[in-house]
Amino acid sequence: MANKAIIPLVVLLCFAIGLSDAVDRNNFKTCEQSSFCRRLRSLEQQTSDFVALPQTLQQFKQYITLNLQHQKNKHEYQLKLACMLGGNSFHLQVDEREPLSPRYRVTDSLVQPPQYELTTVEGSSGTLIMVACGTGEQKAKAAIQIAPFKVDFYRNGVLVLSANGKGMMRFEHRRTKEQQQQHEEPVHQEGEEDAGAVDEAAAAEAPETAQDPGEWEENFKSHHDSKRHGPEGLALDFTFPEAKILFGIPEHADSFALKHTATKGSDPYRLYNLDVFEYELNNGMALYGSVPVIYGHGDSAGTVGVFWQNAAETWVDIFNDSEKQNVVSSIVNLVRGIGQGEPPVANFISETGIMDVFVLLGPQPNDAFQQYTALTGRAPLPQLYALAYHQCRWNYNDERDVEQVSAKFDEYDIPMDTMWLDIEYTDGKRYFTWDQHKFPHPVEMMNNLTALGRHMTIIIDPHIKRDSGYFFHNECTDRKLYVKNKDSGDYEGWCWPGAASYVDFFNPDARRHYADQYLLENFREQTVTVGIWNDMNEPSVFNGPEVTMPKDNLHHGGWEHREVHNLYGHLQLTATFDGLMRRGAGSLRPFILSRAHFAGSQRFAAVWTGDNMAEWGHLRASIQMCLALSVAGISFCGADVGGFFGNPEADLFARWYQTAAFQPFFRSHAHIDTKRREPWLFPEDVRLVIRDAIRHRYRLLPLWYTLFYEHEQHGLPIMRPLLAQYPRDVEAFAIDDQFLIGDRLLVAPVLEAKPAGGKRQVYFPVNENGQGDLWYDCDTFQKHSTAGVIGIPVDAYKVPVFQRGGTIVPRKERIRRASTLMTHDPYTLVVALNREGTATGTLYMDDEMSYDYRRGHYLYLQFEYRDGVLSSRKIDTTATFPTKSWLERVVFVGLAKQPTTVMLRRASSDDSTMLELVREAAVPGVAIVRKPGVVMSEGWSITLQF
């Protein structure tokens, strides 16, 4: 007993010591240390061992099936190929035809079961089967090659993707250990008959790959992994014939453009949710989340995507001829096509599961992004406060600390919407409880924040303290709701509470009971407005293999953890979301932040990039990582401002605020051992810069809110790479130090301490017409009309942000302590004209917190400027929302000449009213109309007379 009591102290002490250093790579596997990756990885093109059996072809209305066979062991598999509804995507599945036991199939990532349409066989021969979608002339088609097996996908007659084009397909069929031992190739002794005499049955059960010592059991450091199913890995390569860049497969702290990895001695990108603190930059190490979707894009044939729906550990090798000589410096050459030989290839290698692939045919980047989110879902519109500024650290000490920090934001006139509490608020790391000494009146504390217009978010992790005096542990034990070890006992690992067990979220009863804990009648020391932070949900296990759960643990249904690992955190989110929905009686939109994530997690939570560092490189990485997450469906993304670890220098801290103010999720957070870093603790000049950055965020909240509504409706990323808007500009493809907000703003933050010459080099992209769009500096309204790199002078306050000509951006200029107090404040419209002298924009409005908008209680407005007239109309004419907000100001930018008078006409009246006009002499083409005074729900027009 004495020794057992010491164990948690030792484990936690070792972990805490480790926090002071950079990530220890020895704690995490390389491909060579992972048996299935080592077995199945191919670095060169192969001749595939798989063939299709055309005589087994079966045609159904919405899909076909076809058997495949491994030529050496004669094991058979079944392929299912279907056209997705809409005709712009395919669904391809391969599984064993008669498996020894069922393989896990992921379903929780999808918003609904796949919806298919007419799938027909246009032709079949001894060498090829041609499959077509729908009935239109421009059909999407798939050509199945019989031998060796391959599937080519065509869009409008152009080959855009090949599956198994490089022959790297592998599929280890399940077998018993006795079968494998019985049929292993015998050693051929001198005098014996030729080895070719081995019987056919033995050949049929022979393994596909050479024997590997890790097939049936595997050791890593002190951890042993028993493998009851033996080798069961799979791999499939995808060639992108028309692509010049591959991107996607987050989460990695690496460039937006995926780098060449298929070299001996280097690792593929890894998808395996892990707790990696102080992670390294510029490599493909696994991090907290895994979204197995990849895109290939080129300037001629556009974009195609591959969603590899598999929740097991997965490695992705990238083959890119143009990068083989110099991975670091050749991204520009890659996208230009310089030195490009063979087209890029991605080879997916998973430990188990089935081949479950969605092929997204685009053709443009935004089309492919929409096709992906149509499958996995779109982030629901959050409450407005969630888009404002959040203040967090590990930990605010007590109720008084929370009260004082909130008051200081008011004292220094810095807006802030949410205070956060980390694990120290709990009673000894027992979630759904409070430390009654530090936080004796939690409900009163929350209500005090609410009275100021503010909110609170608290952390609740998935590990449950093993304590016989802890109600939730006792309930999970009695109801058998914990994850089991390989021997079917409750699994026990170590995390913040010490000894802990883990809720089995794959068990519907466990999910329901966990969700019940969020209800006010159970967790009474909260309010209905409190947000929830699900952290450590990879899951993190301090004494587990690779700081996570053993793969031979067992979940509900008998599934091994190896089969579902990347889904664990995702299913915690579904339970938390269910609990918060029921806590608010289905009326309030929940706010949840998660570290772990998988495909589809965007339906339930925002995501942040984890335990970053107070370094300039990590500031840039926040852009790269959020761009990758955004195109993978997770738009509500951000990074810890200032870096979680370390103490940021003043200029880094200020520049991080300026950058994060233009990212979807905006939160400052810090480790418990860092210095306190609230803005007022820095010198006045730094504090004022930070204040200015946060106030910029609040001015643009109407734009952010509108974009999040449009994301829910259409599925496009909110924070976008340049190629989303400029798909033919090869120079823009790999740029990941600047980004777009919707299609309206171009943001190029300062990402270094002392920019050369005091300027930030900004790339203005080339549009479809081969010229640059007009861009207007959001601070000065200076116009930039030339594509290419331009040096923008920057001082401490300057963030190069530009509004695209042809857009109208809504703003609010009256900044208050919290966004909730700005609801009825007036709007400003910035009308930036394009080369044709026109502009359009949208504005979305509702009550900013409930689901009433889904019942038609909202306003969605279209603004248009053309021929000297700015008009407003409802897009959804049946929707209504009573608002007190009115139009305070209109700024026209890019006018060819100055107007002489301005007239307002309401749709409800034939009368016109002359408005006050202010001319900006310092900037040509700018005119300001003051106080039109029209309520935003009215129809109206403003006419400029020249």
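Residues numbered from 1 in each chain as written. Predicted model: local features only at pLDDT ≥ 70, side-chain atom pairs only at ≥ 80, totals over all residues. Heavy atoms only, no water.

**A look at the side chain of Thr 828**
Applied cut-off: Here a helix means four or more residues in a row that DSSP labels H or I, a strand means two or more in a row labelled E, and each is numbered from the N terminus. When accessible area is computed with a 1.4 Å probe and restricted to protein chains, residues below 20% of their type maximum are described as buried, those above 50% as exposed, and intermediate ones as partly exposed. We call two residues in contact when some of their heavy atoms are within 4.5 Å.
In this fold, Thr 828 is placed in strand E42 (residues 827-832). Residue Thr 828 is classed as buried on the basis of its relative accessible area of 1%. Setting aside anything within four residues of it in sequence, one finds Thr 828 in contact with Val 809, Pro 810, Arg 811, Glu 813, Arg 889 and Val 891.

**Here we look at the state of the cysteines**
The test is simple: Disulfide: a pair of cysteine sulfur atoms within 2.5 Å of each other.
Counted by the stated rule, this structure contains three disulfides. Covalently, Cys 31 is tied to Cys 37 through a disulfide, its sulfur atoms 2.0 Å apart. On the sign convention where negative is left-handed, the bridge of Cys 31 and Cys 37, at about -95 degrees about the S-S bond, is left-handed. The disulfide partner of Cys 626 is Cys 637, and the S-S distance across this bridge is 2.1 Å. Disulfide Cys 626 to Cys 637: torsion about the S-S bond roughly -75 degrees, handedness left-handed. Within this pair, whereas Cys 626 is found in helix H13 (residues 616-631), its partner Cys 637 is found in strand E30 (residues 637-638), the two being separated by eleven residues in sequence. Should the bonded cysteines of the protein be numbered as they appear in the sequence, the pairing reads 1-2, 3-4, 5-6.

**Here's the deal with helix H10 (residues 508-516)**
Basically, it comes down to this: Each polar contact in these results corresponds to two N or O atoms within 3.5 Å; when the atoms are within protein, one needs to be able to donate a hydrogen and the other to accept it, and residues that are neighboring in sequence are counted only if both atoms are side-chain atoms.
Along H10, the positions that sit buried rather than exposed are Ala 510, His 513, Tyr 514, Ala 515 and Asp 516. As for H10, its buried residues are in contact with helix H9 (471-478), strand E27 (531-534) and helix H12 (568-583). The N-terminus of H10 is capped by Asn 507, whose side-chain oxygen sits 2.9 Å from the backbone nitrogen of Asp 509.

**Remarks on the side chain of Ser 350**
Summarising the element assignment, Ser 350 is placed in strand E19 (residues 345-350). A polar contact is formed between the side chain of Ser 350 and the side chain of Trp 308, at a distance of 2.8 Å. Discounting residues that sit within four places of it in the chain, Ser 350 has contacts with Phe 36, Leu 40, Gly 233, Leu 234, Trp 308, Asn 310, Glu 313 and Thr 314.

**Looking at the sheet that holds strand E25 (residues 493-495)**
Where we set the bar: Note on pairing: two strands pair once DSSP finds at least 2 bridges between them. Axis lines are fitted through C-alpha atoms, for helices just across the contact stretch, and the angle between N-to-C directions can take any value from 0 to 180 degrees.
Taken in spatial order, the three strands line up as E24-E26-E25 in an open sheet, and their pairing is antiparallel. The sheet terminates laterally at strand E24 (463-465) and E25, the two strands that pair on one side only. Averaged over all adjacent pairs, the angle separating strand axes in this sheet is 60 degrees, with direction ignored. Two elements, E25 and strand E26 (residues 498-502), share three bridges in a ladder whose sense is antiparallel. Residue pairing for E26: Gly 493 is matched across the bridge by Ala 500.

**So, the nonpolar core**
In plain terms, the rule: What we call a nonpolar core is a set of buried Ala, Val, Leu, Ile, Met, Phe, Trp, Tyr and Cys residues that are connected through their side-chain atoms within 4.5 Å.
Judged by nonpolar contacts, the single largest core of 175 residues is most densely connected at Leu 421, Trp 434 and Met 456. Here this core takes nine residues from H13, the largest share from any one element. Residue contacts for Trp 434: discarding those within four places in its chain leaves Leu 421, Tyr 425, Thr 426, Asp 427, Phe 439, Pro 442, Met 445, Met 446, Met 456, Ile 458, Phe 523 and Glu 525.

**Side note on the UniProt feature "domain: Glycosyl hydrolase family 31 C-terminal" (unreviewed entry) in the protein**
Here is the rule: UniProt positions are given in the numbering used here, feature names are shortened, and annotations may be inferred rather than shown by experiment.
The positions that UniProt labels "domain: Glycosyl hydrolase family 31 C-terminal" (unreviewed entry) are, in the present scheme, residues 715-809. The distance from the first to the last C-alpha atom of residues 715-809 is 20 Å, and the span holds 4% helix and 34% strand.

**Some details on unusual backbone geometry**
With an omega of 5 degrees, the peptide bond between Trp 394 and Asn 395 qualifies as cis. Position of Asn 395 relative to the elements: it lies in the loop between strand E21 (389-391) and helix H7 (399-411). The omega torsion of the bond from Glu 538 to Pro 539 falls at 5 degrees, within 30 degrees of zero and hence cis. Its location among the elements puts Pro 539 in the loop between E27 and helix H11 (561-564). A positive phi angle, close to 50 degrees, is found at Glu 278, a residue other than glycine. Considering the arrangement of structural elements, one finds Glu 278 in the loop between strand E15 (269-271) and strand E16 (293-298). Looking at Glu 278, the relative accessible area reads 7%, which means it is buried.

**A look at the packing of helix H15 (residues 684-699) against helix H16 (residues 701-714)**
This is how the line gets drawn: An angle below 35 degrees is read as roughly parallel, one above 145 as roughly antiparallel, one from 65 to 115 as roughly perpendicular, and any other as oblique. Under the scheme applied, nonpolar residues are Ala, Val, Leu, Ile, Met, Phe, Trp, Tyr, Cys and Pro; charged residues are Asp, Glu, Lys and Arg; polar residues are all the others, including Gly.
Running from N to C, H15 and H16 cross one another at 50 degrees; their axes reach a closest spacing of 4 Å. When the interaxial angle is binned, H15 and H16 end up oblique. Listed contacts from H16 to Arg 697, Tyr 698 and Arg 699 of H15 are Leu 701, Pro 702 and Trp 704. Among the residues making up the contact of H15 with H16, the classes are represented as four nonpolar, no polar and two charged.

**Re the sheet that holds strand E14 (residues 245-248)**
The strand order E1-E2-E3-E4-E20-E17-E16-E14 describes an open sheet built from eight strands, whose pairing is antiparallel. Sheet topology places strand E1 (50-59) and E14 at the edges, where each strand pairs with a single neighbour. Sheet twist, expressed as the mean angle between neighbouring strand axes with direction ignored, is 20 degrees. Where E14 and E16 come together, four bridges link them in antiparallel fashion. Each bridged residue has a counterpart across the sheet, and for Phe 247 the counterpart in E16 is Tyr 295.

**A closer look at the environment of Ile 146**
Secondary-structure assignment places Ile 146 in the loop between strand E7 (141-145) and strand E8 (150-155). Along the backbone, Ile 146 and Ser 125 are 21 residues apart, and their C-alpha atoms lie at a distance of 8.9 Å. Contacts of Ile 146, omitting those with residues within four sequence positions, involve Val 51, Ala 52, Pro 54, Ser 125, Gly 126, Thr 127, Leu 128 and Ile 129.

**A closer look at the confidence of the model for the protein**
Put simply, the test is: The predictor attaches a confidence to each residue, and that confidence, scored 0 to 100, is pLDDT.
When pLDDT is averaged across the protein, the result is 93; 93% of the residues are at 70 or more. pLDDT under 50 marks residues 1-20. Its contacts with residues more than four places away, or in other chains, come to 21 contacts. Predicted confidence is poor over residues 185-207, with pLDDT under 50, and the contacts of this stretch with residues over four places away or in other chains come to 21 contacts.

**Let's talk about helix H6 (residues 365-376)**
Rule in force here: To estimate the expected span of a helix, count its residues, drop one, and scale the result by 1.5 Å.
Given a rise of 1.5 Å per residue, twelve residues ought to cover 16 Å, and the 17 Å separating the end C-alpha atoms of H6 matches this to within 8%. Among all positions in H6, only Pro 365, Asn 366, Ala 368, Phe 369, Gln 371, Tyr 372, Thr 373, Leu 375 and Thr 376 are buried. Immediately beyond the C-terminal end of H6, within one or two residues, lies Gly 377, with a positive phi of roughly 100 degrees.

**A short note on the pairing of strand E49 (residues 916-919)**
Bridging between E49 and strand E50 (residues 926-930) involves four bridges; their strand directions are antiparallel. Residue Leu 917 lies in a different strand from E50, and its bridge partner there is Val 929. Between E49 and E50, which pair antiparallel and follow one another directly, the connecting turn spans six residues, one of which, Gly 925, has a positive phi of 85 degrees.

**What about the packing of aromatic side chains?**
Here is the rule we go by: Only Phe, Tyr and Trp rings take part, Trp by its six-membered ring, and two of them pair if their centres are within 6.5 Å. Stacked means planes under 30 degrees apart, edge-to-face means over 60, and tilted covers everything else.
Counted by the stated rule, this structure contains 61 aromatic pairs. An angle of 85 degrees between the planes, with centres 5.1 Å apart, marks the rings of Tyr 295 and Phe 369 as edge-to-face. Of this pair, Tyr 295 sits in strand E16 while Phe 369 sits in helix H6, placing them 74 residues apart in sequence. Given a relative accessible area of 0%, Tyr 295 falls into the buried group. A relative accessible area of 1% means that Phe 369 is categorised as buried.

**What to know about the environment of Arg 873**
You can see Arg 873 is positioned in strand E45 (residues 869-874). For Arg 873, a relative accessible area of 47% gives the class partly exposed. Note: C-alpha distance between Arg 873 and His 711 (162 residues apart in sequence) is 21 Å. When neighbours within four sequence positions are excluded, Arg 873 is seen to be in contact with Tyr 860, Leu 861 and Gln 862.

**Focus on the environment of Val 158**
Structurally, Val 158 is set in strand E9 (residues 158-163). Judged by relative accessible area, which is 34%, Val 158 ranks as partly exposed. Separated by 160 residues in sequence, Val 158 and Ile 318 have C-alpha atoms that sit 23 Å apart.

**Overview of the pattern of salt bridges**
Note the following rule: Salt bridge, as used here: a side-chain nitrogen of Lys or Arg that lies within 4 Å of a carboxyl oxygen of Asp or Glu.
In the structure shown here, the tally under the stated rule is 69 salt bridges. Across the salt bridge formed by Asp 152 and Lys 150, the nearest N and O atoms sit 3.4 Å from each other. On the basis of relative accessibility, which here comes to 10%, the residue Asp 152 falls in the buried class. Lys 244 is the salt-bridge partner of Asp 299, the closest N and O atoms lying 3.3 Å from each other. Here Asp 299, found in the loop between E16 and strand E17 (302-308), pairs with Lys 244, found in the loop between strand E13 (234-239) and E14; they are 55 residues apart in sequence, far enough to count as distant. Within the structure, one salt-bridge network assembled from shared partners comprises Asp 225, Arg 270, Glu 313, Glu 351, Glu 546, Lys 551, Glu 560 and Arg 562.

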